[in-house]
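Tertiary structure, described
Now for the letters of each chain:
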Amino acid sequence: MPYSSLSHLECSATGERHDADQVQGVSAAGKPLLARYDLDEVRAGLTKEEVASRPHDLWRYHEVLPVRDPAHVTTLGEGMTPMLPLPAYGASIGVPGLLMKDEGLVPTGSFKARGAAVGVSRARELGVRAVAMPTNGNAGAAWSVYAARAGIGSLIVMPVDAPEITRRECVVAGAELYLVDGLINHAGALVKAAVEQRPGYQEVSTLKEPYRIEGKKTMGYEIAEQLGWEVPDVILYPAGGGVGLIGIHKAMRELQELGWIGEKLPRLVCVQSTGCAPIVDAFHAGLTESTLVEGTHTLAFGINVPKALGDFLVLEAVRESGGTAIAVSDETILAETTALAHAEGTWICPEGAACMAAARELRESGWIGEQEQVVVLNTGTGLKYPDTVTVDVPTLARDGVVPAR
């Protein structure tokens, strides 16, 4: 078998085919391109047992990833993150079967490393000189690090109030970094204009290149494999651009076609903040895409996306899986961050905490049943968001004593 069974790229709106071996952006219709594979070839030549014998990183699924030559694989060991039971916290919210897939343990501290690993590897294979992107922080950090690893350049533009640690990650990796006094859509306009003036640069904004989603979909493959090639009842995912949610749904459909899972699909839940909830609003209004929302704000910075290019794909995935969309408040997000850390000893990012808050609310409403198996995606480590925790503790004199209890 070839290392990759990549066949072609397909417009997500019209189905029009595109050449996968040329650098591509969006389709002629202005929509994201999706990678398609010869799954008949994969089914005939690969078994689940062979996959189980491979190294524990996302490249164990290389036949359904787009890099044709393993010499171009750019890796820092990303993938196969733990599926962590949350017995105490789960019991407290009425979901004893609650599991957390902890993406805070991948390189750069967020799930963005998956998309960067695959996207940069494919860019490298296609001869791209440098990648360029707007970012809310974590994606830019990841792509700049992997670009450095691959020996190519990176141009990153992020909002001025993006987490400071992500700036430092870009700088230490040698990225060309700029801040913009605005949101990610403003950063995107600057990147688009810059790339038009820079030969050899590829714009890798969310879903404006085809391969970030391929890295993200490996979360879906891993979830199925870690559960013995079964799927959970519900998966909750924090959606800004929504690439991971789209990718997980894509993975489940591919796994069905391979015959590695059954007919059941996990119900996908799109989680946003009440401070920025365009996809949630569109879902409940019965719309097929969202409306640009101005002046959005949430402490869960990674999901502060006023208008996602792939919003229609998120809505399709949620509806097709029988899922739902829900927005939670920043106050609730902060409360769940602390509640989870107290109960389980794990400090997660605000976006992951938003999913915990959503699980609590959906259980209270009865949408999630008590006996259902539920997986929450924690998309990053809380260590990248130190300002979400205030520290006000007493200082003891050298000759003082710790108060008795």
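Below you will find a few notes about this structure. Given the structure is predicted, the values throughout are model-derived calculations rather than measurements.

**Considerations on the overall build of the chain**
The helix and strand inventory of the chain stands at 13 helices and 13 strands. The C-alpha radius of gyration computed for the chain amounts to 21 Å, which stays within 12% of the reference 22 Å derived for 405 residues, consistent with globular compactness. Considered along the principal axes of its C-alpha atoms, the chain spans approximately 70 × 45 × 45 Å. Out of the 405 residues belonging to the chain, those deemed buried represent 59%. For the chain, contacts bridging at least 24 residues in sequence account for 72% of all contacts bridging at least 6. A total accessible area of about 15900 Å² is found for the chain, and carbon and sulfur atoms account for 52% of it. Charge centroids of the chain, computed over 34 positive and 50 negative side chains, lie 3 Å from each other.

**Focus on the packing of helix 8 (residues 212–226) against helix 9 (residues 243–258)**
In the contact formed by helix 8 and helix 9, the axes pass within 7 Å of each other and the chain directions differ by 60°. Relative to helix 9, the element helix 8 lies oblique. In the crossing of helix 8 with helix 9, the sense of the turn from one axis to the other is right-handed. Along the contact surface, helix 8 presents Arg212, Ile213, Glu214, Lys216, Lys217, Met219, Gly220, Tyr221 and Ala224, while helix 9 presents Val243, Gly244, Ile246, Gly247, Ile248, Lys250, Ala251, Met252, Glu254, Leu255 and Leu258. Class assignment of the residues belonging to the contact of helix 8 with helix 9 gives a composition of eleven nonpolar, three polar and six charged.

**Observations concerning the side chain of aspartate 330**
Inspection of the secondary structure assignment puts aspartate 330 in helix 12 (residues 330–344). A distance of 2.9 Å separates a polar side-chain atom of aspartate 330 from the backbone nitrogen of leucine 299. The residues touching aspartate 330, leaving out its near neighbours within four places in the chain, are Ser273, Thr274, Thr298 and Leu299.

**Focus: the pairing of strand 6 (residues 130–134)**
Among the five residues of strand 6, five are classified as buried, and the element is accordingly described as predominantly covered. Neither face of strand 6 is left uncovered, since the one carrying Ala130, Ala132 and Pro134 and the one carrying Val131 and Met133 both have all their residues buried. Taken together, strand 6, helix 5 (residues 138–150) and strand 7 (residues 153–159) constitute a β-α-β crossover, and its handedness is right-handed. Judged from the three bridges that link them, strand 6 and strand 9 (residues 201–203) form a sheet pairing that is parallel. Residue alanine 132 lies in a different strand from strand 9, and its bridge partner there is glutamate 203.

**Notes on a nonpolar patch on the surface**
Judged by side-chain polarity, Trp347, Leu383, Val389, Val391 and Val393 come together as a nonpolar surface patch covering roughly 500 Å² of accessible area. Relative to the elements of secondary structure, valine 393 occurs in the segment after strand 13 (374–378).

**Quick word on unusual backbone geometry**
Unusually for a residue other than glycine, threonine 108 sits at a positive phi of about 70°. On the secondary structure map, threonine 108 appears in the loop between strand 5 (98–102) and helix 4 (112–125). The backbone of leucine 207 shows a phi angle near 65°, a positive value even though the residue is not glycine. Mapped onto the elements, leucine 207 comes out in the loop between strand 9 and helix 8. In this structure leucine 207 comes out as buried when scored by relative accessible area, which is 4%.

**Digging into the environment of alanine 308**
Topologically, alanine 308 is positioned in the loop between helix 10 (278–285) and helix 11 (311–320). Along the sequence, alanine 308 and serine 290 sit 18 residues apart, while their C-alpha atoms lie 7.8 Å from each other.

**Some details on the sheet that holds strand 9**
Spatially, 8-7-6-9 is the arrangement adopted by the four strands of the open sheet, whose pairing is parallel. With partners counted over all chains shown, the strands left at the sheet margins are strand 8 (176–180) and strand 9, one partner each. Taking each pair of neighbouring strands and ignoring which way they run, the sheet shows an average axis angle of 15°. Relative to strand 7, strand 6 is paired through five bridges, and the arrangement is parallel. Bridge assignment links proline 134 to a residue of strand 7, and that residue is valine 157.

**What to know about helix 9**
With 16 residues, helix 9 should cover 22 Å at 1.5 Å per step; its first-to-last C-alpha distance of 22 Å lies within 8% of that length. A large share of helix 9 lies buried, amounting to 14 of its 16 residues. Just downstream of helix 9 lies glycine 259, where phi reads positive at about 80°.

**Overview of the packing of aromatic side chains**
As enumerated under the stated definition, the model contains three aromatic pairs in all. Aromatic side chains phenylalanine 111 and tyrosine 237 sit 6.1 Å apart centroid to centroid with 70° between the ring planes, which places their arrangement in the edge-to-face category. Of this pair, phenylalanine 111 sits in the loop between strand 5 and helix 4 while tyrosine 237 sits in strand 10 (residues 234–238), and the two are 126 residues apart along the sequence. Like tyrosine 237, phenylalanine 111 is buried. Each ring, one from tryptophan 229 and one from tryptophan 260, has its centre 5.2 Å from the other, and the planes form 70°; the classification is edge-to-face. Here tryptophan 229 is found in the loop between helix 8 and strand 10, whereas its partner tryptophan 260 is found in the loop between helix 9 and strand 11 (267–273), with 31 residues between them in sequence. By relative accessible area, which is 12% here, tryptophan 229 ends up buried. For lysine 31, the ring lying beneath its charged end belongs to phenylalanine 312, and the centroid distance is 5.0 Å. Seen from the ring of tryptophan 367, arginine 267 lies directly overhead, with NZ or CZ sitting 4.3 Å from the centre.

Rules of the game
- Residues numbered from 1 in each chain as written.
- Predicted model: local features only at pLDDT ≥ 70, side-chain atom pairs only at ≥ 80, totals over all residues.
- Heavy atoms only, no water.
- Helix = DSSP H or I, 4+ residues; strand = E, 2+ residues; numbered from the N terminus.
- Rg over C-alpha atoms; globule rule 2.2 N^0.38 Å.
- Buried < 20%, exposed > 50% of the residue type's maximum accessible area, 1.4 Å probe, protein only.
- Contact = heavy atoms within 4.5 Å.
- Areas by Shrake-Rupley, 256 points an atom, 1.4 Å probe, with all protein chains shown as cover.
- Lys, Arg positive; Asp, Glu negative; His and termini not counted.
- Charge placed at Lys NZ, Arg CZ, Asp CG, Glu CD.
- Axes fitted to C-alpha atoms, helices over the stretch in contact; angles between N-to-C directions.
- Parallel < 35°, antiparallel > 145°, perpendicular 65-115°, else oblique.
- Left-handed = near helix turned anticlockwise from the far one by under 90°.
- Nonpolar A, V, L, I, M, F, W, Y, C, P; charged D, E, K, R; others polar.
- Polar contact = N/O pair within 3.5 Å; in protein donor to acceptor, adjacent residues only side chain to side chain.
- Right-handed = clockwise from strand over helix to strand, strands pointing away.
- Pairing = 2+ DSSP bridges.
- Patch = residues over 30% accessible without salt bridge, like charges linked within 9 Å, V, L, I, M, F, W, Y side chains within 5 Å.
- Salt bridge = Lys/Arg side-chain N within 4 Å of Asp/Glu carboxyl O.
- Expected span 1.5 Å × (residues − 1).
- Phe/Tyr/Trp six-rings, centres within 6.5 Å; stacked < 30°, edge-to-face > 60°.
- Lys NZ or Arg CZ within 6 Å of the ring centre and 35° of its normal.

Any functional reading would require information beyond the geometric quantities listed.
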